[in-house]
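Architecture and fold: a report
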Amino acid sequence: MMDALSLIGILLSFSGFVSQKFCTKPMFAASWSLYYSLYQVGQTFLWFQWDILLLEAGFLCVLVSPIRHKPGTRRRPTLQAPSDPVTFWLVRWLAFRLLFSSGIVKLTSGCPQWWSLNALNVHFESMCLPAPLAWYCFHLPGWFLNLNTVFANVCEIFLPPLFFFPVQSVKTVAFWIQMFLQVCIVISGNFNFFNFLTMSLCLSLVNDSFFATKKQENKSSKLGTILSYLTCLAVYGTVLYATYVLYSIKFYPDGKIESKIAFSKAEFDFALSKGLPLVILVGLLSFIGTAFQALLAALSQTSSSFFSKIFTLLSTAFYIIAAIFVFADSLVPFSTLHPAGNATVLPVVREWHTRLSHLHLTNAYGLFRRMTGVGGRPEIIIEGANDLKGPWLEYHFLYKPGDVNRSLPLVAPHQPRLDWQMWFAALGTYHQNPWLMSLTYRILTNQPEVLALMDQANNPFKDSPPKYLRAELYHYHYTSWSERLTNKWWTREKVGEYFPTFSKDHKPLLEYLRNLKMLSQESHKSTVNQYAKRVLDQLRSLFTQIDGGLLLWSLFSAGMAIIMLSGWSTPATTPRAKKNN
């Protein structure tokens, strides 16, 4: 059934990607329902922040999208509904909460790497799945990496409140800066679809004119443009000066730039206690202004009939009420950034959020709260043998570090979830990750669906599974520039045993899996439609022949080709359509 839900979701998503005809409320509601179902069943393998971010963004898509598609032409595009700015404002509010929260938690966590601005000196080596470019980023000068840590702090703390600035040019510049930050993250690390989704949310910072052809301006509009640019320069000049002071920026003749945080943890806590209610107030005022303009637009319609005006007004009021509910509900997780935020949330709103929290309509965010792998990135190496005396041969994964001579591929926006979970498991013990015992048993019994998630080309036990399996913990480090000339990407040292030796008939292992219901005690074959199962198995076999990242980029390229071809053949471009227009 998970295969069936995934395939239906792929079909719906691809249809909406290539044609706006399918970007409607029923389609987005169906897509959200399918992903929510998979999220529930996938459990620990889908309990990531980007999964709940996709659920929240998917819910907003239901609000933003029309009930049905209203086709327009190139000369006469579909008219904007008065309620559209209100629902689209919620997308901007989500982008703000995501980025602002991610910046704040880095400092509220008290992580010494963030406070010393040395986070990026560790990040490129210790991130979950580094991209090939990460090795080169890791070897950049320390002062330059520190300066980039400052840039990340500014992008996530100082710039998000500007998302609600009343001057459009300020928001447009914020958009470009955020896009630059996300692109830098994409090319240096494999963070699946998270950064692409963040960039999509940031599109809410620009208006329709951003994508339109520039028209010749009159004198009054030119004056307004000049004032807008001057305001933009003043705002970002203030941001640069604040950065210079708060991060004690110093320039040296040799080209180096020194930076360090010039405020204490107590001062930051005090500023956050005052600033968090203030940014919530800014968001509230921005929403009130947007809702007021929407109501005026609904009342000022002149070309519609009386009943159409009433319907538009009621529709606008409905979306404003829905937006008020979403905004109020989002304040509950957002206010957890500091105790001072608790005063901004009414008790009844907290009760709403508690009842609806399982749907993940609004969520708390905060990525890279603490830097791990300061003394080397921990990695679990699984080994198998047919004799307890050895030889012990390593199992390899497709995307995580293992072989020290192998670079890691660029796989985003695909997320190899087993490789990701292995990274998290290495930060703890196997007792904290019971799914690892299930993985151990599946390898010992040669289960093909599980082995397909690993590197089959380098499987040391292709013909038959090993009798024994164990795991060792290593610390991995990037090689130096001189070592890199020998085609080595990593060096590693053994830390110790991660989990002891198991066999497939190991009674404590079997009992443990049965207690956690990870090992079926009875056959369910009678409830399975064998014909449907064969079809789904064939489709899965077909899909797994292609690398996950390559498959996604292939679908994207195919979709772009369809969009371009359909654009060239639209009725508005034909002579007859032009005559009718």
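**A word on the sheet that holds strand 5 (residues 468–478)**
If you trace the four strands from one edge of the open sheet to the other, you get 4-3-5-6, paired in antiparallel fashion. Single-partner strands in this sheet number two, and they are strand 4 (393–394) and strand 6 (490–502). Inspection of the sheet shows strand 3 (residues 377–385) paired to strand 4 by two bridges, in the antiparallel sense. Counterpart to glutamate 383 in the pairing with strand 4 is glutamate 394. Running over the sheet, helix 6 (residues 119–126) touches strand 3, strand 5 and strand 6 and is turned about 145° from strand 5.

**Some thoughts on the pattern of salt bridges**
With the rule as written, the count across this model stands at twelve salt bridges. The residue aspartate 51 makes a salt bridge to arginine 417 at a minimum N-O spacing of 2.9 Å. Here arginine 417 lies in helix 15 (residues 417–426) and aspartate 51 lies in helix 3 (residues 49–64), a separation of 366 residues in the sequence. Of the two residues examined, aspartate 51 and arginine 417, each falls in the buried class. Ionic pairing is found between glutamate 351 and arginine 355, a salt bridge with its closest N-O pair at 2.8 Å. On the criterion of helical spacing, the pair formed by glutamate 351 and arginine 355 is a turn pair, its members being four residues apart in helix 14 (residues 347–356). Among the residues examined, arginine 355 registers a relative accessible area of 60% and is labelled exposed. Salt bridges sharing partners connect three or more residues here, namely Glu383, Arg470, Glu472 and Lys494.

**Quick word on empty space enclosed by the protein**
This structure, assessed with the given rule, holds two cavities of 30 Å³ or more. The space that makes up the largest cavity amounts to roughly 60 Å³. Residue lining of the largest cavity: Pro130, Ala131, Pro132, Trp135, Ser407, Leu408, Tyr478, Trp489 and Trp490, and that is the complete set. Partitioning the lining of the largest cavity into residue classes produces eight nonpolar, one polar and no charged. Approximately 30 Å³ is the volume found for the second largest cavity. Class assignment of the residues belonging to the lining of the second largest cavity gives a composition of three nonpolar, three polar and one charged.

**Thoughts on the environment of leucine 99**
Inspection of the secondary structure puts leucine 99 in helix 4 (residues 84–108). The buried category is assigned to leucine 99, whose relative accessible area is 4%. Spatially, the C-alpha atom of leucine 99 lies 10.0 Å from that of asparagine 153, the residues being 54 residues apart in sequence. Apart from the residues lying within four places of it in its own chain, the contact partners of leucine 99 are Glu156, Pro160, Phe163, Gln178, Gln182, Thr198 and Cys202.

**A look at the environment of phenylalanine 327**
Position of phenylalanine 327 relative to the elements: it lies in helix 13 (residues 306–334). With 237 residues separating them in the primary sequence, phenylalanine 327 and leucine 90 have C-alpha atoms 7.4 Å apart. Every residue in contact with phenylalanine 327, bar those within four places of it in the chain, is listed here: Trp89, Leu90, Trp93, Ile280, Gly283 and Leu284.

**Here's the deal with a nonpolar patch on the surface**
A surface patch of nonpolar side chains, amounting to about 500 Å² of accessible area, comprises Leu278, Leu281, Val282, Leu284, Leu285 and Ile288. Among the structural elements, leucine 281 can be located in helix 12 (residues 265–299). For leucine 281, a relative accessible area of 42% gives the class partly exposed.

**Quick look at the state of the cysteines**
Under the counting rule described, the total for this entry stands at zero disulfides. With no disulfide of its own, cysteine 128 lies closest to cysteine 111 among cysteine sulfurs, the gap being 15 Å. Residue class for cysteine 128 comes out buried when judged on its relative accessible area of 6%.

**Observations regarding the packing of helix 4 against helix 12**
As a packed pair, helix 4 and helix 12 sit with axes 10 Å apart at the nearest point and diverge in direction by 175°. By the angle class used here, helix 4 and helix 12 are roughly antiparallel. Of the residues in helix 12, those touching helix 4 at Pro85, Val86, Trp89, Arg92, Trp93, Phe96, Phe100, Ile104, Leu107 and Thr108 are Phe268, Leu272, Leu276, Val279, Gly283, Ser286, Phe287, Thr290, Ala291 and Ala294.

**A word on unusual backbone geometry**
Omega for the bond connecting glycine 390 with proline 391 falls within 30 degrees of zero, at 5°, which places this linkage in the cis form. Mapped onto the fold, proline 391 is located in the loop between strand 3 and strand 4. Residue proline 413 is bonded to the preceding alanine 412 through a cis peptide linkage, with omega at 10°. For glutamine 43, which is not glycine, the phi torsion reads 50° and is therefore positive. Residue position: glutamine 43 is located in the loop between helix 2 (25–42) and helix 3. Residue classification places glutamine 43 among the partly exposed residues on the basis of a relative accessible area of 43%. Not every positive phi belongs to a glycine, and phenylalanine 368 is a case in point at roughly 55°.

Each value, and the rule that gives it
- Residues numbered from 1 in each chain as written.
- Predicted model: local features only at pLDDT ≥ 70, side-chain atom pairs only at ≥ 80, totals over all residues.
- Heavy atoms only, no water.
- Pairing = 2+ DSSP bridges.
- Helix = DSSP H or I, 4+ residues; strand = E, 2+ residues; numbered from the N terminus.
- Contact = heavy atoms within 4.5 Å.
- Axes fitted to C-alpha atoms, helices over the stretch in contact; angles between N-to-C directions.
- Salt bridge = Lys/Arg side-chain N within 4 Å of Asp/Glu carboxyl O.
- Buried < 20%, exposed > 50% of the residue type's maximum accessible area, 1.4 Å probe, protein only.
- 1 Å grid on protein atoms, 1.4 Å probe; cavity = no way out; pocket = protein on both sides within 12 Å on 5 of 7 lines; lining within 4 Å.
- Points joined across faces, edges and corners; volume = space filled by probe spheres on them.
- Nonpolar A, V, L, I, M, F, W, Y, C, P; charged D, E, K, R; others polar.
- Patch = residues over 30% accessible without salt bridge, like charges linked within 9 Å, V, L, I, M, F, W, Y side chains within 5 Å.
- Areas by Shrake-Rupley, 256 points an atom, 1.4 Å probe, with all protein chains shown as cover.
- Disulfide = S-S within 2.5 Å.
- Parallel < 35°, antiparallel > 145°, perpendicular 65-115°, else oblique.

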